[in-house]
Amino acid sequence: MKTKITKSFLLSILLLSLIFSGCSKNKTKNLNIGIYGVENSFVCEGLKKSLEELCIQENLKATFFEYDIESPLKEQIGKTKIDLLLSSAGYAASEALKASEYDIPAELTSNMTTSIRQSALGKDNKLYALPLLNDFFKMEINTGLLKKSDDLQINDWDAFLAVSKNLAKEKNNPITFAGKNSREVLDFYGALCEALNGIDSYNEAVMLMNENATLPMEGLASLLCDSSNSPLATAVAYLKNWNKHNLINKNSFSEFTTNDINTLAERNLNGLVFQNLSSFRQCNQMKSFDQFFLPSRSKRAERHFTANIIYALKFSKNSKVNTILENLVSGGSQSNLSRNTGLAPVLANAKTPDIQASDARFYVAATSYPLAGLGHESALNAAQLKELADIIKGKIIY
């Protein structure tokens, strides 16, 4: 009788241990994910949704930490201990790269377009920042206001000016942009600089902004704009000319938000909008607008379009991080990311939700590596960016 009880007892213990062992293996673990420099709320929520879905597949719970772009990243990360970081390109990505200690398998970029592979970031000949999406900066034209809009081509700035004047016949001051967002309006000036003068002028503007960040903004604006050799001088001259011909709605420079652009579109009051893809996603009244890239005399292969990249960086040895990274650059996940954020995928063969995302991918793929955007490249804080944008506005409209 004693022997039977002992065997039964041991079997019960063994069974319970197996049950608890199985429960332990299936226990959901946390994956801490930081988000840095992604200021568009629609994109941020789309990234969270996509990562949550991937984590559920791997029996993980995603916990998100949104970091302040104006505070030192290393200090913020030190308080939260993340596994993965999602960062925008430019200053944010450079700070993230400094803080990251774990490289990423280079073969994860193998199915990306050439220009996107060129934008992958690394150090010591290793990959550390994996491209996920691009936020293409473009112009949108309300072709519904044009009598002849079939096969509309904007191959140079003369064609742009002709179209703008035609739009002005239908609507006063047809050109608009959301200048209330200082970072985005500086991205616009940088994109215009590249289109008119090329990559060297754009790079000079970035260098001047980051090497003279301690200057009064009046002095920095002078370096950027006032001399005939200043990198933004041509862009400012073009904007002055458009403004002189009453083509620009003056509220664009510092008053209009993305919501205002959408309201104007709803009332059919704007004919041409400069904005990035993420801002376009927040404008649901722009169905009669078609997108175009900023024209240039440069050959397509020499162009560097402004298209801010969203990167993923590894911040822990957690083996699940590599699995998530592999999934993020698979065809299905890329399509899901594009659908949830509205941005363009980096894989050449990923499905896109619409023509806007598809064209954005094609434009970047057909040119050289994309630019983060002048506002995104800058280490200036929000107050400095606003002051700088306001001073440049004065140089254009007065």
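Please refer to the structure placed before this passage.
Just so you know, these numbers come straight off a predicted model, no measurement behind them. (Residues numbered from 1 in each chain as written. Predicted model: local features only at pLDDT ≥ 70, side-chain atom pairs only at ≥ 80, totals over all residues. Heavy atoms only, no water.)

**Q** Tell me about the pattern of salt bridges, and name the residues and values.
**A** If you walk through the whole model with that rule in mind, you get 10 salt bridges. When the shortest N-O distance is used, the salt bridge between Arg 183 and Glu 39 registers 2.8 Å. Of this pair, Arg 183 sits in helix α7 (residues 182-197) while Glu 39 is found in the loop between β1 (29-36) and α2 (41-57), placing the two residues 144 residues apart along the sequence. The exposure class of Arg 183 is buried, given its relative accessible area of 10%. Each of Glu 45, Lys 48 and Glu 66 takes part in a single network of salt bridges with overlapping partners. (Salt bridge = Lys/Arg side-chain N within 4 Å of Asp/Glu carboxyl O. Helix = DSSP H or I, 4+ residues; strand = E, 2+ residues; numbered from the N terminus. Buried < 20%, exposed > 50% of the residue type's maximum accessible area, 1.4 Å probe, protein only.)

**Q** Lay out the packing of aromatic side chains with the relevant residues and their values.
**A** Taken as a whole, this structure holds 17 aromatic pairs when the rule is applied. Between Phe 188 and Tyr 189, the ring centres sit 5.7 Å apart and the planes meet at 40 degrees, which makes this aromatic pair tilted. Just as Phe 188 is buried, Tyr 189 falls in that class too. Here a set of aromatic residues connected by ring pairs shows up, and it is made of Phe 137, Trp 157, Phe 160, Phe 177, Phe 188, Tyr 189, Tyr 238, Trp 242, Phe 253 and Phe 274. (Phe/Tyr/Trp six-rings, centres within 6.5 Å; stacked < 30°, edge-to-face > 60°.)

**Q** Describe in detail helix α11 (residues 258-266), supporting the description with residues and values.
**A** For α11, every residue scored as buried is listed here: Thr 258, Ile 261, Asn 262, Leu 264 and Ala 265. One side of α11 holds all its buried residues, which, seen down the axis, span an arc of 160 degrees. Turned more than 90 degrees away from the buried face of α11, the exposed residues are Asn 259 and Glu 266. Looking one or two residues beyond α11, the residue adopting positive phi is Asn 268, at roughly 60 degrees. (Arc of directions from axis to C-beta.)

**Q** Help me get a handle on the packing of α7 against helix α10 (residues 233-244), residues and values and all.
**A** Contact geometry of α7 with α10 gives a least axis separation of 8 Å together with a crossing angle of 105 degrees. Regarding the angle of α7 to α10, the classification is roughly perpendicular. On α10, the residues touching Phe 188, Tyr 189, Leu 192, Cys 193, Leu 196 and Asn 197 of α7 are Thr 234, Ala 235, Tyr 238, Leu 239 and Trp 242. Broken down by class, the residue content of the contact of α7 with α10 amounts to nine nonpolar, two polar and no charged. (Axes fitted to C-alpha atoms, helices over the stretch in contact; angles between N-to-C directions. Parallel < 35°, antiparallel > 145°, perpendicular 65-115°, else oblique. Contact = heavy atoms within 4.5 Å. Nonpolar A, V, L, I, M, F, W, Y, C, P; charged D, E, K, R; others polar.)

**Q** Describe unusual backbone geometry, naming the residues involved and giving the relevant values.
**A** Phi at Asp 124 is positive, roughly 55 degrees, even though this residue is not glycine. Position of Asp 124 among the secondary structure elements: in the loop between β4 (121-123) and β5 (126-142). Residue Asp 124 is classed as exposed on the basis of its relative accessible area, which comes to 65%. Although it is not a glycine, Asn 268 adopts a positive phi angle of roughly 60 degrees.

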